[in-house]
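So you can see what is in the structure, the chains are spelled out below.
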Amino acid sequence: MFVKNIIGYLMIAVIKLLGRVSLPTAQKIGHRVGIYLWGRRTRAREVARVNLGLVYPNKSAEERDLLVQETLIQNGMIGAEMGPMWGYETAKGLALVRTVYGEELVEAGIKDKRGLLILAPHLGNWEILNNYISSKCPVTIMYRPAKSPVFNEWMVERRETVGCKLVPTTRDGVAALFSVLEQGGTVGFLPDQEPRLKSGVFAPFMGVETLTPKLPHEMIQKTGAQVIYAFAKRLPNAEGFDLYFTAAEDGIYSDDARTCATSMNQSIEELIKIAPAQYQWTYKRFKRRPEGQKNPYSEAKVP
C-alpha cells in the first residue's frame, strides 16, 4: 500500500504540473511519450499490435504499423491532456470545444423523462466530454477505482469538481445508476471495458467475438432509458476538440442481451471510423475468449 500511495502522489504531481501548461505543450509532451512507447517493445505497443491485427486483418503489416505508431502518439496525448482537463478552470476547458455534432440529441435526451444513457467508448478525450455534459445537466458516471487509494481519491475529487457524480464498479454503484435513470436523470457509461464473464455476453466487435458488458442492456430494459453515443475527437495542431453525439440504432432496445450488445458494438465501430487512431487500442479488449479460443495476448507473448 505504501508503494501504491507513493506512485499515486507522483502521478498527482505530474498531472498538476501539466495543468500549468498550454494544450499545445501538453500534446507535444504526449507526442514524445507516444514515440518513446513506439520505439521499444512496450506492453502498450504489443497490445496495440495484437488488437489491430485482429480487427484489421486485411490491412498490410506496414499499414498496421503506421496505425500502431499513431495510436501510441494519440494515447500519449490523452495521458498528457489530463493536466489541462483537470487543472484548467471549467470555462477554460470548455473553450477548447470547437464544434458539437448532434447537440440536439443531448438536449432532447435531457428533457426526456425516461432518462438518458450516454455510452462513451474509450475514444478521443473523454475528460472534456465529461466536462461538456456536466455543463448541460447533472450526470452520474461509473468508474473503475485506481489501484492507488491516494490517486483514486484525488481523481474522483477532480472529476466531481466539474459537476460529475462518480460511482464505483460495485453493487452500490450499479444500484445508483439504475436509480438515476428511474428518476429521469442522465448516466454516462463506458461500454467497451471487458467485464467479468458472468457480467457479459459475447457479441461481434470489429469482426471479433468480444465479451461485452450486459449492464447497458439491463439498465435500458429496467428503466426504459433512451440511449445516445458520444466521443470527443482531438483536432490536429492543438486546435481543440470536436464533440460527436449520435443516436442509437433500434437493436440497442432489444430484450435479447446479445442483440443489444451487437447493436452497441456496431455503433462504437462507426464512431471509431471517424478517428481510428484515437481509440484505446492499448487496452487488452479481447483477453477473455469464447470457449476453445486462446488468449491472443498470451499467444503473442505480450509483456
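In this text, all values refer to a predicted model and were calculated from it rather than measured experimentally.

K.L.:
Where do I start with the nonpolar core in this structure?
P.N.:
Most often, soluble globular proteins keep nonpolar side chains buried together rather than apart. Membership of the largest hydrophobic core comes to 45 residues, with the highest contact counts inside it found for Ile 252 and Trp 281. Residue contributions to this core peak at six residues, all from helix α3 (residues 43-55). Non-local contacts of Ile 252, meaning those with residues more than four positions away in its chain, are made with Leu 119, Ile 220, Val 227, Tyr 229, Cys 260, Ser 263 and Met 264. Ranked by size, the runner-up nonpolar core spans 34 residues in total, among them Tyr 132, Tyr 143, Val 156 and Val 162.

K.L.:
Whenever I open this one, the environment of Lys 233 confuses me. Can you help?
P.N.:
Examined against the element boundaries, Lys 233 turns out to sit in strand β8 (residues 226-234). Distance from Lys 233 to Ala 61, taken between C-alpha atoms, is 26 Å for residues 172 residues apart in sequence.

K.L.:
How should the pattern of salt bridges be read in this particular structure?
P.N.:
Side-chain pairs of opposite charge can arise where the charged atoms are in close proximity. The final tally for this structure, using the stated rule, is 12 salt bridges. Residue Glu 103 pairs with Lys 136 through a salt bridge whose shortest N-O separation is 3.0 Å. Placement of the pair is Glu 103 in helix α7 (residues 103-111) and Lys 136 in helix α8 (residues 126-136), with a sequence separation of 33 residues. A salt bridge links Arg 158 to Glu 157, with the shortest nitrogen-to-oxygen separation between them at 3.8 Å. Classification of Glu 157 as partly exposed rests on a relative accessible area of 39%. Overlapping salt bridges bring together Arg 45, Glu 46, Arg 49 and Asp 65 as one network.

K.L.:
Looking at this model, I keep getting lost on α3. Mind explaining?
P.N.:
Working note: α-helix, 3.6 residues per turn, so residues spaced by three or four point in the same direction. For α3, built from 13 residues, the straight-helix expectation of 18 Å at 1.5 Å per residue is met to within 8% by its first-to-last C-alpha distance of 18 Å. Looking at the packing, one finds that the buried side of α3 touches α2 (23-38), α4 (61-80), β7 (208-213) and α13 (296-299).

K.L.:
Would you take a moment to explain the layout of surface pockets for this structure?
P.N.:
If a probe the size of a water molecule is rolled over the atoms, the empty space left behind becomes visible. If you add up the space inside the second largest pocket, you get close to 180 Å³. Taken together, Pro 24, Gln 27, Lys 28, Gln 74, Met 77, Arg 234, Leu 235, Pro 236, Asn 237, Ala 238 and Gln 278 make up the full set of residues lining the second largest pocket. Elements with a minimum of two residues in the lining of the second largest pocket: α2 and α4. At three residues, the largest contribution of residues to the lining of the second largest pocket is made by α2. When the residues that make up the lining of the second largest pocket are grouped by side-chain class, the tally is five nonpolar, four polar and two charged.

What counts as what
- Residues numbered from 1 in each chain as written.
- Predicted model: local features only at pLDDT ≥ 70, side-chain atom pairs only at ≥ 80, totals over all residues.
- Heavy atoms only, no water.
- Core = buried A, V, L, I, M, F, W, Y, C linked by side-chain atoms within 4.5 Å.
- Buried < 20%, exposed > 50% of the residue type's maximum accessible area, 1.4 Å probe, protein only.
- Helix = DSSP H or I, 4+ residues; strand = E, 2+ residues; numbered from the N terminus.
- Contact = heavy atoms within 4.5 Å.
- Salt bridge = Lys/Arg side-chain N within 4 Å of Asp/Glu carboxyl O.
- Expected span 1.5 Å × (residues − 1).
- 1 Å grid on protein atoms, 1.4 Å probe; cavity = no way out; pocket = protein on both sides within 12 Å on 5 of 7 lines; lining within 4 Å.
- Points joined across faces, edges and corners; volume = space filled by probe spheres on them.
- Nonpolar A, V, L, I, M, F, W, Y, C, P; charged D, E, K, R; others polar.

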